[in-house]
Structures are given as structure tokens and as C-alpha cells.
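Per-entry structural report
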Amino acid sequence: MTEPLSVGVLGYRFMGKAHSNALARLPMFFPDAPDVERSVIVGRNEEALADAADRFGFESTATDWRDVVDDVDVFYNLGPNHLHAEPSVAALEAGASVFCEKPLAPTLDEAEAMRDAARAADGVAGCAFNYRFVPAIQYAKGLIENGELGEIRHVRGRYLQDWLVDPEAPWSWRNDEELAGSGALGDLGAHTVDLARFLVRDAAGDIERISGHLQTFVDERPVPGADEYKPVTVDDAYTAQAEFGNGAVGNFEASRFADGHKNDHTIEVHGSEGSLQFSLERLNELEVKTGDARGYETVLVTDEDDPYLDHWWPPGHVLGWEHTFVHENYEFLSAVAEGGEFSPSFEDAYEVQTVLDAIERSDETGEWVSLD
């Protein structure tokens, strides 16, 4: 018997809840997962923190991450973007493995420092791009790698939400460049860029050059609980064109102003012999066209031999968004326990950050930007 992995988690709101739920589900559905001890949860509000610890099953609380990183085997950094770099680097230097939410950092310089710390560390460093772990996406990657689509020619990705359509929607840290780094680009575009690279990099090469445009539609927003407005210093939407190593073209976009779209992450891959389409809002399905078919076939990716499905329900019973967190936590913690590798790593997340940075630079100069 090996000792359970002691886990410390920074953050108890949206992502804290999602990952805590995954940690609780693991022993029930993935009996071969490493044993985990939910040791400590970290935040600023002591009352809210105590409530979160009770609901999420953590043994203790702390109000300073510095008191935690030396005492846990695994450190989950689920705080706002501006808190990603310093705690993650400190935890890696203390010998812990680190799982950090996306994007890796607000700036490319901070992402580089995190990547370098991971290279020098003994622990595993993973970034939480959870959409890689949708069974339909894993199935799609297998089709591409097996050559079912032929030569990849076009990759299209979009991520549309509408939670900022109302100009009176409240200001939050996601509207501040110092805290978030960017807006729709980093919040949503990071997912699209990572998913595109995950699906086609082996078949089409990496993104070699890119052009981009960023736009802010509302310049200031009301501060919750105060009679004042704060400026919006990030983008509300972005678009980008890309060229892959084999000459394939890419089109990417994201918006938090797309009225009627709640969490619409869509990706399409078109090749010389077939195509596929995926939408997060129908995440159990994959639209596939191969061979001589005249149109797309809707494949329900819920068979027992589909990725991860043998751990859940009888064939045909669908999964949800929260299951992607269980899958990625299983893979990450297994890598930690076995001393193996995990992807997406900090290295992968840094490469995503280089694309985001190039899109911002292209918007500033009005020119294509090459990526080494």
C-alpha cells in the first residue's frame, strides 16, 4: 500500500468546485486511481472557506498559499490568472506536483517562468485544458491520427458566450488586464488553440504564423455593491487566421457578446478525405463524414469501448461537462503517482500562450506574426 497523495487546493469558487467534485468522484468510478487525501483548501474569506471545506470534503483551511506548498504532495492552483505564476513556481520548487488552471498565465513572460520551473522540477506540472478529455474529442483525435480525414486542410474553432451582452453586467477580475491578461482571447481562445493543436498537430504540424484582431465593445462596467464604474481593459471578442506547418489554414474566434450562445465551443477539421465537427453543447456527439458518404453522420460517442466510457454508465447513457474534470484529474494524478508524464503539460500550455501572445501582437501591428 502506498500513502495517499495529500492535495492542497487554491480556490473554492467555480473551478474549485469543479475539481473538488472530480476528486470526490474518482474513487467511486475510477477504482484504479491513486488514493487522494483532500488536505487543505486555500482562500481569503475565512467564513466562505470554512463552508467550502465542509461541502467539498477538505480536512483544513488556510488563508495563505505560502503556508501550504511545502506540506502537500500536489498543489492545485485554481485561482484567478494573476495568481497562477508565483504560487505554482513556489510549489514546484518545494517539490510538489502542480495542476494549474488555464490560461497558464496572464503574460508570456510569466508563462515562460512557469515552464522553466516545471522543467527544473521533479514533480509533474499539468495545465487544466479539460476539453481534451471529452470522449468525443478523444475519438476525433483517433480518426485524425488513423488518417480517416486524409491530409488536413482546414481547422475552424469558435467559442461563443453571451454573459457580457448587457452593458450593465457587473465588472469582475475577468475584465481587468492586470488580473486576467486578456479577455475572450485568454479565457476562451486558450481552449480553442489548445484543442486545435491537440487534434491536428501530429497530422498538420504546428501553427507557424497567425494574424489577429481584438475588440472591446463596452469600455466600463458597474462595480458590484458600489456606486461606481470600472474600465474594461481586455478584449470582448477576438478573431484570428492561422497557417499550420503543412499549409492547412485555421480560423479561430471567441466572443462573450454572442447573444443566444451560452457555452458554445465548436471545432471543425476538414481534410482531403473527410471532415468532422464537434460542439461542446452536444458533447456526446461527433459529426463525421468520411469515404463516399454524401453528408455527415452523427456518431453518439457513448459505447463501452469509447474513451473513458467503461468507467461510467451502460452504453448509450450520456456524460456531462463535469465528467471531463474527472477524466483529467484521473490522468494527472495517475501520472503523479506513477512518476509519469501528463499532457497538457506546462510546456504545452506555454506553446498555447505563445499563440495568444502572437494574436495580441498582430492586433497591435496589423501584421501577420511568425511563430518559431
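The structure this text deals with has already been given above.
Keep in mind the model is a prediction, meaning the values are calculated, not measured.

**Remarks on the pattern of salt bridges**
Under the counting rule described, the total for this entry stands at 19 salt bridges. Residue R119 pairs with E347 through a salt bridge whose shortest N-O separation is 2.7 Å. Taken together, the positions of R119 in helix α4 (residues 108-120) and E347 in helix α9 (residues 346-365) put the pair 228 residues apart, joining distant regions of the chain. Residue R119 is classed as exposed on the basis of its relative accessible area, which comes to 52%. Between D187 and R256 there is a salt bridge; the shortest N-O distance is 3.1 Å. You can see D187 sitting in helix α7 (residues 184-204) and its partner R256 sitting in the loop between β12 (249-255) and β13 (264-271), a full 69 residues away along the chain. A cluster of three or more residues bridged by salt bridges with shared partners is formed by K102, R174, D187 and R256.

**Here's the deal with the sheet that holds strand β2 (residues 36-42)**
Spatially, the six strands line up as an open sheet ordered β3-β2-β1-β4-β5-β6, and their pairing is parallel. The open sheet has two edge strands, β3 (60-62) and β6 (125-127), and neither has a second partner. Neighbouring strand axes in the sheet, compared pairwise and without regard to direction, differ in orientation by 20° on average. Summarising the sheet, strand β1 (residues 5-10) and β2 pair through six bridges and their orientation is parallel. By the bridge assignment, S6 is partnered in β2 with E37.

**Notes on the packing of aromatic side chains**
When we look at a pair of aromatic rings, we describe it by the centre distance and by the angle of the planes. One pass over the full model with this rule turns up 15 aromatic pairs. Each ring, one from F30 and one from W312, has its centre 5.9 Å from the other, and the planes form 75°; the classification is edge-to-face. One end of the pair, F30, is in the loop between α1 (14-29) and β2; the other, W312, is in the loop between β16 (297-300) and α8 (321-338), with 282 residues separating them in the sequence. Just as F30 is buried, W312 falls in that class too. Pairwise contacts between aromatic rings join F29, F30, W312, W313 and Y330 into one cluster. Cation over ring: R115 sits above Y350, and NZ or CZ is 4.3 Å from the ring centre. Over the aromatic face of W368 sits the side chain of R209, whose NZ or CZ is 4.1 Å from the ring centroid.

Each value, and the rule that gives it
- Residues numbered from 1 in each chain as written.
- Predicted model: local features only at pLDDT ≥ 70, side-chain atom pairs only at ≥ 80, totals over all residues.
- Heavy atoms only, no water.
- Salt bridge = Lys/Arg side-chain N within 4 Å of Asp/Glu carboxyl O.
- Helix = DSSP H or I, 4+ residues; strand = E, 2+ residues; numbered from the N terminus.
- Buried < 20%, exposed > 50% of the residue type's maximum accessible area, 1.4 Å probe, protein only.
- Pairing = 2+ DSSP bridges.
- Axes fitted to C-alpha atoms, helices over the stretch in contact; angles between N-to-C directions.
- Phe/Tyr/Trp six-rings, centres within 6.5 Å; stacked < 30°, edge-to-face > 60°.
- Lys NZ or Arg CZ within 6 Å of the ring centre and 35° of its normal.

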